[in-house]
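Reading the structure
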Amino acid sequence: MRLENKVAIVTGAGRGLGRGIALRLAAEGAKVVAADMEPAAETVSLIEAAGGTASAFKVNVTNQEEIKSMVRFAIDTYGTLDIMVNNAGINRDGMLHKMPVENWNLVIDVDLTGTFYGTQEAIKYMREKGYGRVINISSGSWLGNIGQANYAAAKAGVVGLTKTAARENARKGITCNAICPGFIETDMTLKLKEVNDGAAWDSMMKRIPAGYAGKPSDVGNMVAFLASDEASYITSEVINVGGGMIV
Ligand code: NAD
């Protein structure tokens, strides 16, 4: 129970990676606010069934006022905030030369600006407290990926934001790190199984040295470590969880 008496917020916790992260943090003893624009009640039920403590909170991460309310909710409900995981994200893939500006703006708003709001609001509180862990979910695509100009730009922005937040707050007892998942089995990636009768999925598996897609718990394990006191000297890092896919 490395996170006993700690309080965490996980955005995008209604399903996929966010749910896996929320379950892992709760299993380590953290009280978790499962925040999502969709209902996160199932995530809360799973945590409670396993003996943990969690509450759902409805938030659209592109709305700064809602992010402020979310942080306030965690503090009012559980007394403090120790761990902020900015995980909510979307993709709208397409080649750059055909990309509608709406798809550019939407992905930047959710994946980058949403992470900025969450990081900023958590850090305001954590600076007062003199302790905090911010973990931002970027992607291996931040290095550039065909069909993902908007997503790659947003996720590279998350890396720059995280490294800056880390340096500005290192003397305040706050660590900030980014995790880059490779290819993890969630609704975001499972849609590839529909493309070319599964051929696109099979070809992706060949690109992963481990030979298979990761599970949300693989990312949850890394988040739990970075959130723990064992990781107190680790900050400003970008850590891949990708079965060898990200180089
Ligand atoms: P997902 O689509 O399965 O789940 C995303 C969750 O975020 C959903 O519950 C959704 O409701 C929520 N969400 C979306 N927009 C939101 C908003 N504006 N406000 C609040 N919540 C919102 O996706 P996932 O695969 O679980 O991805 C989670 C994160 O991991 C994303 O940031 C994604 O970019 C990143 N990521 C995923 C993979 C992967 O292989 N699955 C790889 C690299 C990075």
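The paragraphs below set out a description of the structure included in this document.

Conventions adopted
Every residue gets a number counted from 1 within its own chain, in the order that chain's sequence is written. For this predicted model, a pLDDT threshold of at least 70 governs which residues receive local features, and a threshold of 80 or more governs which side-chain atom pairs are given and counted, while totals over whole chains, interfaces and linings are taken from all residues. No hydrogens and no water enter the side-chain calculation; it runs on all heavy atoms of the structure. In this description a helix means any DSSP run of H or I spanning at least four residues, a strand means any run of E spanning at least two, and both kinds are numbered starting from the N terminus. Helix span is expected to be 1.5 Å times the residue number reduced by one. Each residue gets one of three labels from its accessible area relative to the maximum for its type: buried under 20%, exposed over 50%, partly exposed in between, using a 1.4 Å probe on protein chains only. The arc in question is formed by the directions pointing from the helix axis toward the C-beta atoms. The contact criterion used is simple: two residues touch if any of their non-hydrogen atoms lie within 4.5 Å. Side-chain atoms alone can form a polar contact between residues adjacent in sequence; in general such a contact is a pair of N or O atoms within 3.5 Å, and within protein one must be able to donate a hydrogen while the other accepts it. Cysteine sulfur atoms are paired as a disulfide whenever they come within 2.5 Å of each other. The nearness test applies per residue and asks whether one of its heavy atoms lies within 4 Å of the molecule or strand. Per-residue and other accessible areas follow the Shrake-Rupley method at a 1.4 Å probe size, with only the shown protein chains counted as cover for residues.

A separate point is helix α3 (residues 64–78). Taking 1.5 Å per residue, 15 residues should reach 21 Å; α3 reaches 21 Å between its end C-alpha atoms and fits that length. Within α3, burial applies to I67, M70, V71, A74, I75 and Y78. The buried residues of α3 occupy an angular sector of 130° when the element is viewed end-on, so they sit on one face. Exposed and oriented more than 90 degrees from the buried face of α3 are E65 and D76. The inward-facing, buried residues of α3 abut β1 (7–11), β2 (31–36), β3 (53–58), β4 (83–86) and α4 (101–129). Capping of α3 at its N-terminal end is provided by N63; its side-chain oxygen lies 3.0 Å from the backbone amide nitrogen of E65. Just beyond α3, the residue with positive phi is G79, at close to 95°.

Each disulfide consists of one covalent bond between the sulfur atoms belonging to two cysteines. Within this structure, the stated rule accounts for zero disulfides. Its sulfur unpaired, C176 is 15 Å from the next cysteine sulfur, which belongs to C180.

What follows concerns helix α1 (residues 16–27). Look at α1: 17 Å from first C-alpha to last across 12 residues, which is about the 16 Å you get at 1.5 Å a residue. When α1 is considered as a whole, its buried residues turn out to be L17, G18, R19, G20, I21, A22, L25 and A26. A positive phi of about 105° marks G29, the residue just after α1.

Neighbouring the ligand are 28 residues; D36, N87, Y151, I184 and T186 lie closest to it. At a separation of 2.9 Å, an oxygen atom of the ligand approaches a polar side-chain atom of R15. One of the backbone N or O atoms of I184 is found 2.7 Å from an oxygen atom in the ligand. In the complex, 96% of the free accessible area of the ligand, which totals 830 Å², lies under the protein chains. When residues of the shell around the ligand are traced back to their parent elements, those giving at least two are α1, α5 (149–169) and α6 (187–190). Top contributing element to the shell around the ligand by residue count: α6, with three residues.

On to unusual backbone geometry. Notably, D197 is not glycine yet its phi reads approximately 55°, a positive angle. Counting through the fold element by element, D197 comes out in the loop between α6 and α7 (199–207). Residue D197 is classed as exposed on the basis of its relative accessible area of 81%. Here the phi dihedral of S236 falls at roughly 70°; this positive angle occurs in a residue that is not glycine. By secondary structure assignment, the location of S236 is in the loop between α8 (216–227) and β7 (238–241).

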